[in-house]
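Structure assessment
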Amino acid sequence: MSTSYWLDRSSPQNRRTYDAIIVGGGISGLSTAYWLKKEDPSLKVAVVEKSRLAFGASGRNAGFITGGSVEHFNRMITKHGLETATAIWRFAQENLRLLKEEIIQDQGAPLGFEQNGAYSLAAQPTEFAELKKVSEIMSSLKIRTEIIEEKDIPSRVGARGFVGGIKYLDDASVNPVALVHRLHERAGADLFEGTEAYAIESTSEGTRILKTDQGDFEAAMILMNLNGYSARLHPWFKDKIYATRGQCLMMEAVPRFMDAPCYANFYLDYFRQIPSGELLIGGFRQVEKETEVGYSDHTTEPIQNALYEFVVSHLPQFKDAKVTHRWSGVMGFARDGEPMVGALPDDNQVFFAGGYTAHGIGLSFHTTKCLIDAVFGRSVPDWLSARRFG
Ligand SMILES: Cc1cc2nc3c(=O)[nH]c(=O)nc-3n(C[C@H](O)[C@H](O)[C@H](O)COP(=O)(O)OP(=O)(O)OC[C@H]3O[C@@H](n4cnc5c(N)ncnc54)[C@H](O)[C@@H]3O)c2cc1C
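Residues numbered from 1 in each chain as written. Predicted model: local features only at pLDDT ≥ 70, side-chain atom pairs only at ≥ 80, totals over all residues. Heavy atoms only, no water.

Here's the deal with the pairing of strand β17 (residues 279-282)
Regular strands show a simple pattern: their side chains alternate between the two faces of the sheet. With burial as the criterion, each face of β17 is covered, one bearing L279 and I281 and the other bearing L280 and G282. Sheet topology places strand β14 (residues 241-251) next to β17; 4 bridges connect them, and they run antiparallel. Each residue of the ladder has a partner; that of M251, found in β17, is L279. Examined bridge by bridge, strand β16 (residues 269-273) and β17 share 4 bridges and lie antiparallel to one another. The partner of F271 across the bridge, within β17, is I281. What sits between the antiparallel neighbours β16 and β17 is a turn of 5 residues, in which G277 has the positive phi angle 100°. (Buried < 20%, exposed > 50% of the residue type's maximum accessible area, 1.4 Å probe, protein only. Helix = DSSP H or I, 4+ residues; strand = E, 2+ residues; numbered from the N terminus. Pairing = 2+ DSSP bridges.)

Digging into the site of the ligand
If you check the shell around the ligand, you find 36 residues, and the closest are E49, S58, F64, A197 and I361. A distance of 3.3 Å separates an oxygen atom of the ligand from a polar atom in the side chain of N61. Backbone polar atom of A197 to a nitrogen atom of the ligand: 2.9 Å apart, as the coordinates give it. Protein coverage of the free-state accessible area of the ligand, which is 1,000 Å², stands at 98%. If you tally residues by element for the shell around the ligand, the top one is helix α10 (residues 360-375), at 3 residues. Residues of the shell around the ligand, tallied by class, amount to 16 nonpolar, 16 polar and 4 charged. Shared between two domains, the shell around the ligand holds at least three residues of each, these being domain 1 (5-59 + 178-240 + 337-389) and domain 2 (115-171 + 241-334). (Near = heavy atom within 4 Å. Polar contact = N/O pair within 3.5 Å; in protein donor to acceptor, adjacent residues only side chain to side chain. Areas by Shrake-Rupley, 256 points an atom, 1.4 Å probe, with all protein chains shown as cover. Nonpolar A, V, L, I, M, F, W, Y, C, P; charged D, E, K, R; others polar. Domains from an automatic or database assignment.)

Digging into the pairing of strand β10 (residues 197-202)
Across 5 bridges, β10 lies against strand β11 (residues 208-212) in antiparallel orientation. The partner of A197 across the bridge, within β11, is T212. Between β10 and β11, which pair antiparallel one after the other, the connecting turn spans 5 residues, and G206 there sits at a positive phi close to 90°.

A look at the packing of aromatic side chains
Inspection of the entire model under this criterion finds 20 aromatic pairs. With a centroid separation of 6.0 Å and 20° between ring planes, the pair formed by Y229 and Y295 is classed as stacked. Here the residue Y229 occupies a position in the loop between β13 (221-224) and α8 (230-233), and Y295 occupies one in the loop between β17 and α9 (301-314), the gap between them amounting to 66 residues. A relative accessible area of 34% places Y295 in the partly exposed class. Here the aromatic rings of Y263 and Y270 are separated by 6.4 Å at their centres, their planes lie at 65°, and the arrangement is edge-to-face. Judged on exposure class, the residue Y263 and its partner Y270 are both buried. Looking at R232, its charged tip hangs above the ring of Y295, at a distance of 4.3 Å from the centre. (Phe/Tyr/Trp six-rings, centres within 6.5 Å; stacked < 30°, edge-to-face > 60°. Lys NZ or Arg CZ within 6 Å of the ring centre and 35° of its normal.)

Some remarks on the pattern of salt bridges
Within the structure shown, the criterion is met by 22 salt bridges. With a shortest N-O distance of 2.6 Å, E101 and R97 are connected by a salt bridge. You can see E101 and its partner R97 sitting in helix α4 (residues 82-104), 4 residues apart, about one turn around the helix. Between D170 and R144 there is a salt bridge, and its shortest N-O distance comes to 2.8 Å. Of this pair, D170 sits in the loop between β7 (164-168) and β8 (172-173) while R144 sits in the loop between α5 (125-140) and β6 (145-149), placing them 26 residues apart in sequence. When salt bridges with common partners are traced through the structure, they connect R15, K211, D216 and E218 into a single cluster. (Salt bridge = Lys/Arg side-chain N within 4 Å of Asp/Glu carboxyl O.)

Focus on the domain arrangement of the protein chain
Taken domain by domain, the protein chain comprises domain 1 (5-59 + 178-240 + 337-389) and domain 2 (115-171 + 241-334). Spacing between the C-alpha centres of domain 1 and domain 2 amounts to 31 Å. Taking both partners together, domain 1 and domain 2 bury about 1,200 Å²; carbon and sulfur atoms supply 59% of that area. Taken together, the links from domain 1 to domain 2 amount to 6 residue pairs in polar contact (both at pLDDT 80 or more). Residue classes in the side of domain 1 that touches domain 2 are distributed as 7 nonpolar, 7 polar and 5 charged. (Buried area = accessible area lost by both parts, 1.4 Å probe.)

As for the sheet that holds strand β20 (residues 347-354)
The strand order across the open sheet formed by 6 strands is β9-β3-β2-β13-β20-β19, and the pairing between neighbours is mixed. On the outer flanks of this sheet lie β9 (190-192) and β19 (340-344), each paired with one strand and no other. If you compare each strand with its neighbour and ignore which way they point, the axes differ by 20° on average. Summarising the sheet, β13 and β20 pair through 3 bridges and their orientation is parallel. By the bridge assignment for β20, L223 is matched with F351. Packing against the sheet, α10 makes contact with β13, β19 and β20, and its axis sits at approximately 170° to β20. (Axes fitted to C-alpha atoms, helices over the stretch in contact; angles between N-to-C directions. Contact = heavy atoms within 4.5 Å.)

Here it is, written out as structure tokens:
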């Protein structure tokens, strides 16, 4: 976003002053607010959101709280080595533990929270062979999984056309909008919806000004939680976090038959029957990879058709059900696939967390805890630190 001289001069002149300003009202922004207030309850914290709470990817995702990453663990080991791959997986497990302990507590039902595990299903024997290898490695690390043979898939999740799968026994799922609202209640920060930030400036007193279409905010520090939108506020993110679109559809309810959410095809596609019995299915970016970038939240026919055809061929229980919703959201894919926290190289009072690469529900609560560690001068894991980009 840019603004004209005339609009800038005509914006509200009353500058609002805070100790910290968080930009972005998604799960990452509200988690940051939570940890910051937990660190120091006396801090005056504002969250600035251009639309309304959870209007970005946080309100448009599938609600999987997944362990690890969006790659099979054997591939994570090839990419990072065993030690770092294990650290990333344990980091996600800790994300879920922290969410349960700090936010969900014993009030999971209003959040649609369920911890029934999650499947990754293979349509090809080669992928199933990888999953068996994953299960072996995980058992040596004491991470709980179960191998599912082809004959058992229909009775577990009602799906046809898969040759086998793995179940991650500790994964969970949630209503992501309800979760962001709960985070907001627990964080106790002031929320400014309908407020779009367009620039960050420094003052001679050493504070920072966040310029927005609703006037200026001043604080000692600014924390950017914009994920896919990060590069629109600061160019440093242009070659580090890429705006990438994901599409979904929802089908009307049938009696519940799936015992847990499912991924398929190397995490590219996913489906789950939510507690009401409705079916959410998403993915198929691979159909039109070139168009699935940028900031638009439109849906496209080829991907929506692919999603529907998947339901017809793999989930016969839904063949007569109607599609009730179609949507898309903007994700932030990191250059190396892992999230990042840090301060801008040219401004150590502007911090950020993002690059969740389709995995922010499973990673952002713990990531933002590390962001607050960075703010207060404590160390963060090398694989998570934005210093890895130099
Ligand atoms: C279809 C889909 C399915 C997904 N499924 C899953 C899943 O099952 N599990 C999982 O872990 N992850 C999933 N993800 C990814 C997950 O949703 C994201 O990683 C996560 O929501 C990122 O949260 P965030 O708060 O960082 O970003 P966002 O939720 O995108 O929040 C950024 C906010 O910033 C606001 N904003 C943007 N620009 C400005 C500005 N200039 N000024 C003020 N505010 C601004 C936006 O309106 C937005 O609300 C999915 C994503 C999509 C799109």
